[in-house]
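Read off the chains here:
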Amino acid sequence: MLRSLFDRWFKRGGGDRPPPTPVAPVAATVSAPVPILGARRPLVSGKGEVVGYEFHVGLHSLQRGGAAPKLAAAAGYVAALMMAVRMCAQSGRVGFAELPLVALNALDEVGTVPQGTLLALQFDAPVADPDAVGTQLRRWRAAGARIGWRSDALHGLPESEKPDFLLVVQGGRVLTEVLKEIRERKIMQAALPILAFDLDGIDALESALQAGADYACCVLAARSDPAGAGQIAPQSQRVLQLLNSIVRDAPTDELVAAIKADVGLSYRLLRYLNSAGVGRRQEIGSIQQAVVALGRDELYRWLSVLLVRVSSGRPISVALQEMALARARFLELLAEAAREPKPGELFTLGTTSMLGQLLSSPLARVVESLALPESTRLALLEGAGTRSVYLELAEAVSEPDSERFQRLACEFGGRERVLAMSAEAWQFAANPEHA
């Protein structure tokens, strides 16, 4: 998938460019410890699917201090970035990051980079030595990366140095107007791929893709309502009713009857329990057996995942499902680290926080339709109570160098442990066998 995606991408955007000439790497004069790089934002394609991740490495702080500290810190971050990107590539995903210009010369040896890795460069001032920068660009491209920059970048590079893609951000201008203007320019006589990033929410991401961006990524808010509200689909309503039946401790016969009344639901449950991933020794042949074999807690969890999977109706529904599952697993991992007595309730908190967007319904309406613990309700509706810290951390993790994230992460084992849990949660969400 990765190869075909970028073959198509760059045939359209830069197929006439001659193969880059490998250049000997320039040695860095300092080294730095390699940090954990688990903070990521989903990179969504025009088809509404997560095709990779933006690694928000937070290198803006490198603009302070002298040249040596900049280079040392950049070396550590870029090494961590390459490690994370390689892990993404193993599952067919793309890695993307925006880096300061110093990162081009941050490592003493780049080695190979997963084909199609996206690196956007920050040009805050005209380039002092265009030839040297051009050499570094060719070096990274020869290693496997694709290099782009902002559509309004002040770079001062030679005309021959074209980007592989263009980056746009949500600034003061309306994003749709910016995208239209870029398309009308017909840079290089062909439409370069456009990546819109740093968008301020799900609705902005969806709007950017509908306006013509090829890829987009955004900050995931702790709680948000969709721009337009509609009715919850009947299939989702049935799953909500089953969840409530489990919470009010309905008799097993009642649960079995409700599941059997929905042929699609029955099929999904039996297929799940008899799948190789579950690893049961004996085949489950009836819904009665399935409900007993799972138990109520696991049935509730499975239905929560299913609710995410069956929710549809938006162009980016597939991506939203993955975001919801990643958040749910992240909160559950945090709860396990904090020794919460019922970490499964934090899984529910995570999925529910995204259901408003998935169901195109106000979050308050979704919460009212579910029988949730009071602490969960408070966190979702008011951002208050003992469990609100979990949602706050789920939002802050995409800004791993912020003071807010550092403060919140201390309660769950520290920065590196929390970032590792975030990476594990995204791996969980990418697995299609959960429901």
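Higher on the page you've got the structure.
Residues numbered from 1 in each chain as written. Predicted model: local features only at pLDDT ≥ 70, side-chain atom pairs only at ≥ 80, totals over all residues. Heavy atoms only, no water.

K.L.:
Can you explain the overall build of the chain? Please cite residues and give values.
P.N.:
For the chain, the count of helices and strands is 17 helices and 8 strands. Burial analysis of the chain (435 residues in total) assigns 52% to the buried set. In the chain, once contacts between residues fewer than 6 apart in sequence are set aside, the share between residues at least 24 apart is 66%. (Helix = DSSP H or I, 4+ residues; strand = E, 2+ residues; numbered from the N terminus. Buried < 20%, exposed > 50% of the residue type's maximum accessible area, 1.4 Å probe, protein only. Contact = heavy atoms within 4.5 Å.)

K.L.:
Requested: an account of the pattern of salt bridges, with residues and values cited.
P.N.:
Scanning all chains against the criterion turns up 23 salt bridges. Here Asp198 and Arg41 are joined by a salt bridge, their closest N and O atoms 3.1 Å apart. Here Asp198, found in strand β7 (residues 194–199), pairs with Arg41, found in strand β1 (residues 40–45); they are 157 residues apart in sequence, far enough to count as distant. When its relative accessible area of 37% is taken as the criterion, Asp198 is described as partly exposed. A salt bridge links Arg150 to Glu98; the nearest nitrogen and oxygen atoms lie 2.9 Å apart. In this pair, Arg150 sits in strand β5 (residues 145–150) while Glu98 sits in strand β3 (residues 94–100), placing the two residues 52 residues apart along the sequence. With a relative accessible area of 9%, Glu98 lands in the buried category. A single network of salt bridges, built from pairs that share partners, joins Arg301, Arg329, Glu332, Glu336 and Glu424. (Salt bridge = Lys/Arg side-chain N within 4 Å of Asp/Glu carboxyl O.)

K.L.:
Please provide a residue-by-residue account of the packing of helix α7 (residues 252–260) against helix α9 (residues 287–294), values included.
P.N.:
Remark: α7 packs on α9, axes separated minimally by 9 Å, with the N-to-C direction vectors making an angle of 125°. As the angle between them shows, α7 and α9 are arranged oblique. Of the two elements, α7 crosses α9, and the hand of that crossing is right-handed. Contact with α7, carried on its side by Thr252, Asp253, Val256, Ile259 and Lys260, involves Ile287, Gln288 and Val291 of α9 and no other residues of that element. Of the residues belonging to the contact of α7 with α9, the class tally is 4 nonpolar, 2 polar and 2 charged. (Axes fitted to C-alpha atoms, helices over the stretch in contact; angles between N-to-C directions. Parallel < 35°, antiparallel > 145°, perpendicular 65-115°, else oblique. Left-handed = near helix turned anticlockwise from the far one by under 90°. Nonpolar A, V, L, I, M, F, W, Y, C, P; charged D, E, K, R; others polar.)

K.L.:
Can you tell me about the sheet that holds β5, naming the residues and giving the values?
P.N.:
Sheets are built from strands that pair by backbone hydrogen bonding, the pairs being arranged parallel or antiparallel. Spatially, the 8 strands close up into a barrel ordered β1-β2-β3-β4-β5-β6-β7-β8, and their pairing is mixed. Strand-to-strand twist in this sheet, taken as the mean axis angle between neighbours without regard to direction, amounts to 25°. Docked against the sheet, helix α3 (residues 130–143) engages β4 (117–122) and β5, running at close to 135° with respect to β5. (Pairing = 2+ DSSP bridges.)

K.L.:
I'd love a proper account of the layout of surface pockets, names of residues and values included.
P.N.:
Within this model, the largest pocket holds a volume of roughly 520 Å³. What lines the largest pocket is a set of 17 residues, among which Asp297, Tyr300, Lys342, Gly344 and Glu345 lie closest to the centre. Tallying contributions element by element places helix α10 (residues 296–310) first for the lining of the largest pocket, with 5 residues. Looking at the lining of the largest pocket, its residues break down into 7 nonpolar, 2 polar and 8 charged. (1 Å grid on protein atoms, 1.4 Å probe; cavity = no way out; pocket = protein on both sides within 12 Å on 5 of 7 lines; lining within 4 Å. Points joined across faces, edges and corners; volume = space filled by probe spheres on them.)

K.L.:
Give a detailed account of the packing of aromatic side chains, specifying residues and quantitative values.
P.N.:
Taken as a whole and assessed by the stated rule, the structure comprises 7 aromatic pairs. Seen from their ring centres, Phe96 and Phe165 are 6.5 Å apart, and the 75° between their planes marks the pair as edge-to-face. Taken as a pair, Phe96 in strand β3 and Phe165 in strand β6 (residues 165–169) lie far apart in primary sequence, 69 residues in all. Its relative accessible area of 0% is what places Phe96 among the buried residues. Classification of Phe165 by relative accessible area gives buried; the value is 0%. Taken together, a centroid distance of 6.1 Å and an interplanar angle of 35° make the contact between Tyr272 and Trp302 tilted. (Phe/Tyr/Trp six-rings, centres within 6.5 Å; stacked < 30°, edge-to-face > 60°.)

K.L.:
Kindly report on unusual backbone geometry, identifying the contributing residues and their values.
P.N.:
Positive phi is not limited to glycine here, since Asp198 has a value of about 60°. Positive phi values are uncommon outside glycine, yet Asp249 reaches one of about 60°. With respect to the helices and strands, Asp249 occurs in the loop between α6 (234–247) and α7. For Asp249, a relative accessible area of 56% corresponds to the exposed category.

K.L.:
Explain α10 residue by residue, including any values.
P.N.:
Its 15 residues give α10 an end-to-end C-alpha distance of 20 Å, which sits within 8% of 21 Å, the value for a rise of 1.5 Å per residue. Buried residues of α10: Leu299, Tyr300, Trp302, Leu303, Ser304, Val305, Leu306, Leu307, Val308 and Val310, and no others. In this structure, the buried side of α10 is in contact with α6, α7, α8 (263–273), α9, α11 (317–337) and α12 (343–359). (Expected span 1.5 Å × (residues − 1).)

K.L.:
Tell me what's going on with the side chain of Asp164, and back it up with residues and numbers.
P.N.:
Mapping Asp164 onto the fold places it in the loop between β5 and β6. Among the polar contacts listed, one links the side chain of Asp164 to the side chain of Arg141, at a separation of 3.0 Å. (Polar contact = N/O pair within 3.5 Å; in protein donor to acceptor, adjacent residues only side chain to side chain.)

K.L.:
Kindly report on the nonpolar core, identifying the contributing residues and their values.
P.N.:
In this structure, Trp140, Leu199, Leu303, Met323, Phe330, Tyr390 and Val418 are the most contacted members of the largest nonpolar core, which totals 121 residues. Of all the elements, α11 adds the most residues to this core, at 12 residues. Beyond its immediate stretch of four places on either side in the chain, Met323 contacts Pro42, Val44, Ile202, Leu220, Met354 and Trp426. Residues Leu43, Phe96, Leu167 and Leu195 belong to the second largest nonpolar core, which totals 12 residues. (Core = buried A, V, L, I, M, F, W, Y, C linked by side-chain atoms within 4.5 Å.)

K.L.:
Kindly report on the pairing of β4, identifying the contributing residues and their values.
P.N.:
Most of β4 sits out of view: 6 of its 6 residues are buried. The alternating pattern of β4 places Thr117, Leu119 and Leu121 and Leu118, Ala120 and Gln122 on opposite faces, both of which are buried. Of the strand pairs in this sheet, β3 and β4 are connected by 5 bridges, and their pairing is parallel. Counted as the bridge partner of Phe96 is Leu118 from β4. Each parallel crossover has a hand, and for β4 linked through α3 to β5 it is right-handed. (Right-handed = clockwise from strand over helix to strand, strands pointing away.)

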